[in-house]
Amino acid sequence: MTNVMYDREALLRTVSTFPLIDNHCHNLLTSDASLTCPLEICFSEAHGDALKDASQTSAFKRGVRQLAELYNCPPTLDSIRQVKDPMSYSDICKTCFKPTGIQSLLLDDGLDALGGLMDVQSHVGLVDVARRIVRIESIAEKILYDLATSVACTDQKVLNFAAFEEPLKKQLETCAKSESVVGFKSIAAYRSGLNINCVQSAETAAIALGNFISDFESLPDKKGSVRLVNKVLLDYILNLAIEIAVQHDLPIQFHTGFGDSDLDLIASNPLLLRPLIEKYPNANFVILHAAYPYSRQAGYLASVYSNVYVDIGLVFPMISASGQQASLRELLEICPSNKLLFSTDGHYHPESFYVAAIQGREALSKVLLESVENGEFSYEETIKIAKQIMFENSNTLYKLKLTPKQTDNEGYKDISREQRIVKLKKMGVKFVRVGYMECSSQYRFHIVPIDRFQNYIVNHGVTIMRALTALPYYADIVPKDVGVTATGELLMKPDLNTLIHLPYNPKHANVQVFFENKLTPADPEFAEFGKIDNLPDFLAHPFCPRTCLKNIIDHAHKELGITFLVGTELEFILLKNVSPPVPVDDTVYAAASAFRESNSGEILDRMVESLQEQGIEVEQFHSEAATGQFEIVTGPESPLISADNLVVARQTIYDVAAQAGVKATFVPKTFKDQAGNGAHVHLSFKEIDKSQKVVDDHPTGLSPYERSFIAGVLHHIKAICAFALPTDHSYTRTVDNCWAGSWICWSVENREAPIRVCYRPKIGPNGKYLDVHFEHKFVDGTSNPYLVLSAIIASGVDGIKKKMQLTTSPMLDNPASLSDEERIKKGVTDKMPASLPDTLKALREDKALCDAFGEPMIRCYIGVKEDEHNYCKSLSDEEQLKLLLSRF
């Protein structure tokens, strides 16, 4: 089984939730100073009248939209200001910083054009760690001003150069020794350019200093600062600072590329730094701002010099999304990934940090995903690259010694999710089906016009009655004792990762949801609303199948370091008549004639093409053993994506068949004397950070984790069946000699066991090994895929945590063909459950599964299933079948 789609999700999760070290940014303004600084500077380097035109740029419009989402207001600056006005400055800063996931700020505190900066340590609280980057020119200019002022007040005509050089050395040495300082920075690009002279003369510098002092004396207005632009003096100062940085092993940052209007863009090309880089091979140079538009040149320097690194900041959010991605692509064309450093270049306003961090993550996701699709990197490599750029490279270079703290941001979305809606509109989509699957495996949806979906539902969701999560399949009634009544509502919040076009119904799209509590003053939890740190968990509705599965996956990832892949087999029958059921053909397994008779071939082609157009991998399809029966096998995905895809696949099969004038059904046993419909679950897992699984000398070739996983599933299998075989009719399929597994055992390539181990020999870095996955054959198509996968994974994880052992060898015979004595010898003593009440009893008594699902979900599910069972007791077999055919 391949692992493409899970690793794709893992990459998105990593980029969204891995912490950031902001290796270059500037201090926030104080509360008072922030009132006089226009918010527009977050999106443009322009000043004065030119800043007014910033509103006509894509960077500005995009940034304002993102801030409007943050502040939950219309996308205009006036609306944003109205939201901010009643907020305290502290709350504004917290609001902006919390979603960024920035763990550490490295602050250049030399940018103080407005006056009134927060000191470096005042940023702690917004982030865990704040350190200082010392701007060399600021130190030198302060000393020069004091010296020039002192000379102007005396009759001194001859100035000793040491009067400047010694205080400068002392100041830089003091800074270099400070625990709060992690690097130096130069803005020479703004002054005399980056073509810095590496051959220095103290005599020449002394003459330049004398000229500077003379020029200062002639100034009519001697303000409280000076601007150092003398190239000779600047070059001398920079060489001196680099030597001190080398002595103390501090990196030195250089502004390169675009900036304010007082910058000569040609003189800011990082290639001009080559002589300096070669003169100081022990100095670590950081080329700031991706050197935009000289990104390729910056990447080249980092590729040929071991002491050169490239920062990717300032392009976020100053240029368009496509420009940001292009700059990052150009860097990755040649720059080693261990040389790239993340930054926001955030300054003055907290919003500048927020927008830059969000856009930086989006660009990184987009570019790394494309690099995998283009075959440049594997998913495993891109995840490593993301962590390097976002955190690890800066942590190493600046010797921060930080441990990454995963952020709380669980919105690991495909960065193109917002563009999907725009694309769907261009494709002619008019409506969106906002869908969910409840306990009884009925898929239900509300249809929303796409404009309403885009402008409101995406953020606010669709309101439904809570009781709609607990309806039996036979009627829309609320059973007793399921934990909900007609009182109360919940929100269906769209998961835009799942938004897809329905090719067989081209005006419609479909999206899956998470259930979220809609609290009112009548709810006991309402009093706690707004006081909770982890609001998503607090709002999650306990009956949400997708949340249940996600939580169980996350638990396995966190506690055991394992990830899963799941593939499915969808078996279904095409009927040309339902009552009584009449199949479209009378062919057999994999028969060529199945695709010649009636129009089955055309129908299957359309089904598979539709699935592929919806992004679902189809590995194969063929006719099956029962008359009119077919099977479609989907490729492996992460469990949540796999469950989503199974829901989509079922709806596609239903709808395409209906359009062709036939009925598709997943009912477990449509014909008593023929094979039934299964929904076999193929599952594998991987131990994170292990390129090859851990094995020992066990004769099965299975790893300790794999053996314990199977043991856990076998231990809990009766309770699992409550989800896998959820109707009374389901138990007509799991009988002897029907290839579904009627005895509790495991096997190797034996289709008469409920759990089949599938091997595939492979060769890895350490030699031969077995690629393994497990087929769970007992699952049928009336099950809720989210709950089935939750039960299987939770059971296997319980087996691993408790170190359960396989106590039997693989069953290589058909257990039903053995005598009782022969089965006992092989350790096979229990049959699979024979009825729904048996499995519900087992589930109720299974503490581990009850704990994994939570009491509300278990209570609701068992209550609904018991109600369905009681209803069906009064029906004949034919009546039950007719009802099921109308629902499944």
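What you see is a predicted model, and the numbers here were worked out from it, not measured in a lab.

### Considerations on the nonpolar core
Phase 1 of the analysis: Among the nonpolar cores identified, the biggest contains 132 residues, and Phe164, Phe184, Leu233 and Phe254 are the most heavily contacted of them.
Phase 2 of the analysis: Setting aside residues no more than four positions away along its own chain, Leu233 makes contact with Leu144, Phe161, Phe164, Ala205, Ala208, Leu209, Phe212 and Leu228.
Phase 3 of the analysis: Among the nonpolar cores identified, the runner-up in size contains 96 residues, and Phe453, Val458, Ala679 and Ile717 belong to it.

### Some details on the environment of Ile793
Phase 1 of the analysis: In this structure, Ile793 sits in helix 25 (residues 785-801).
Phase 2 of the analysis: Between the C-alpha atom of Ile793 and that of Ala556, which follows or precedes it by 237 residues, the distance is 8.4 Å.
Phase 3 of the analysis: Discounting chain neighbours no more than four positions away, the residues touching Ile793 are Leu549, Ile552, Phe564, Pro639, Leu683 and Phe709.

### Notes on the pairing of strand 12 (residues 489-494)
Phase 1 of the analysis: Extensive coverage of strand 12 is indicated by the burial of 5 of its 6 residues.
Phase 2 of the analysis: Sheet topology note: the strand 11 (residues 462-465)/strand 12 ladder contains 4 bridges and is antiparallel. What sits directly across from Met465, in strand 12, is Glu489.
Phase 3 of the analysis: Where strand 12 lies against strand 14 (residues 508-518), 6 bridges are found, and the strand directions are antiparallel. Paired with Leu491 across the two strands is Glu516, which belongs to strand 14.

### Topic: the packing of aromatic side chains
Phase 1 of the analysis: All told, the structure shown has 23 aromatic pairs when counted by the stated rule.
Phase 2 of the analysis: Both rings, one in Phe161 and one in Tyr236, keep their centres 5.3 Å apart while their planes meet at 80°; by these two values the pair is edge-to-face. With Phe161 in the loop between helix 7 (136-152) and helix 8 (162-177) and Tyr236 in helix 11 (residues 231-247), this residue pair connects regions lying 75 residues apart in the sequence.
Phase 3 of the analysis: Overall, Phe161 belongs to the buried group, its relative accessible area being 8%.
Phase 4 of the analysis: On the numbers, 5.3 Å between centres and 90° between planes, the contact of Tyr654 with Phe666 is edge-to-face. With Tyr654 in helix 23 (residues 639-659) and Phe666 in the loop between strand 19 (663-665) and strand 20 (681-687), this residue pair connects regions lying 12 residues apart in the sequence.
Phase 5 of the analysis: Of the residues examined, Tyr654 reaches a relative accessible area of 17% and is grouped as buried.
Phase 6 of the analysis: On the accessibility criterion, Phe666 (1% relative accessible area) is buried.
Phase 7 of the analysis: Lying across the ring of Tyr456, Arg452 places its NZ or CZ 4.1 Å from the centre.

### Overview of the packing of helix 21 (residues 545-560) against helix 25
Phase 1 of the analysis: Following both chains from N to C, one finds helix 21 and helix 25 inclined at 20°, their axes separated by 9 Å at the closest point. Relative to helix 25, the element helix 21 lies roughly parallel. The way helix 21 lies across helix 25 gives a crossing that is left-handed. Contact with helix 21, carried on its side by Pro545, Arg546, Cys548, Leu549, Ile552, His555, Ala556 and Leu560, involves Tyr786, Leu787, Leu789, Ser790, Ile793, Ala794, Val797, Ile800 and Lys801 of helix 25 and no other residues of that element.
Phase 2 of the analysis: When its residues are assigned to classes, the contact of helix 21 with helix 25 shows 13 nonpolar, 2 polar and 2 charged.

### Comments concerning a nonpolar patch on the surface
Phase 1 of the analysis: Taken together, the side chains of Phe431, Phe445 and Ile447 present a nonpolar region at the surface, about 240 Å² in accessible area.
Phase 2 of the analysis: Looking at where Ile447 falls in the secondary structure, it is placed in strand 10 (residues 443-449).

### Some thoughts on unusual backbone geometry
Phase 1 of the analysis: The residue after Phe316, namely Pro317, is reached through a cis peptide bond having omega 0°.
Phase 2 of the analysis: For the bond from Ser579 to Pro580, the omega torsion is -5°, close enough to zero to count as cis.
Phase 3 of the analysis: Summarising the element assignment, Pro580 is placed in the loop between strand 15 (562-577) and strand 16 (582-583).
Phase 4 of the analysis: Positive phi, normally seen in glycine, also occurs at Asn72, with a value near 55°.
Phase 5 of the analysis: With respect to the helices, strands and loops of the structure, Asn72 is situated in the loop between helix 4 (58-71) and helix 5 (77-84).

### Focus on helix 13 (residues 295-304)
Phase 1 of the analysis: Among the residues making up helix 13, those that are buried are Ser295, Ala298, Gly299, Leu301 and Ala302. For helix 13, the angular spread of the buried residues around the axis is 160°, confining them to a single face.
Phase 2 of the analysis: Lining the buried residues of helix 13 we find helix 12 (274-279), strand 6 (285-287), strand 7 (308-311) and helix 15 (321-334).

Reading the values: the criteria
- Residues numbered from 1 in each chain as written.
- Predicted model: local features only at pLDDT ≥ 70, side-chain atom pairs only at ≥ 80, totals over all residues.
- Heavy atoms only, no water.
- Core = buried A, V, L, I, M, F, W, Y, C linked by side-chain atoms within 4.5 Å.
- Buried < 20%, exposed > 50% of the residue type's maximum accessible area, 1.4 Å probe, protein only.
- Contact = heavy atoms within 4.5 Å.
- Helix = DSSP H or I, 4+ residues; strand = E, 2+ residues; numbered from the N terminus.
- Pairing = 2+ DSSP bridges.
- Phe/Tyr/Trp six-rings, centres within 6.5 Å; stacked < 30°, edge-to-face > 60°.
- Lys NZ or Arg CZ within 6 Å of the ring centre and 35° of its normal.
- Axes fitted to C-alpha atoms, helices over the stretch in contact; angles between N-to-C directions.
- Parallel < 35°, antiparallel > 145°, perpendicular 65-115°, else oblique.
- Left-handed = near helix turned anticlockwise from the far one by under 90°.
- Nonpolar A, V, L, I, M, F, W, Y, C, P; charged D, E, K, R; others polar.
- Patch = residues over 30% accessible without salt bridge, like charges linked within 9 Å, V, L, I, M, F, W, Y side chains within 5 Å.
- Areas by Shrake-Rupley, 256 points an atom, 1.4 Å probe, with all protein chains shown as cover.
- Salt bridge = Lys/Arg side-chain N within 4 Å of Asp/Glu carboxyl O.
- Arc of directions from axis to C-beta.

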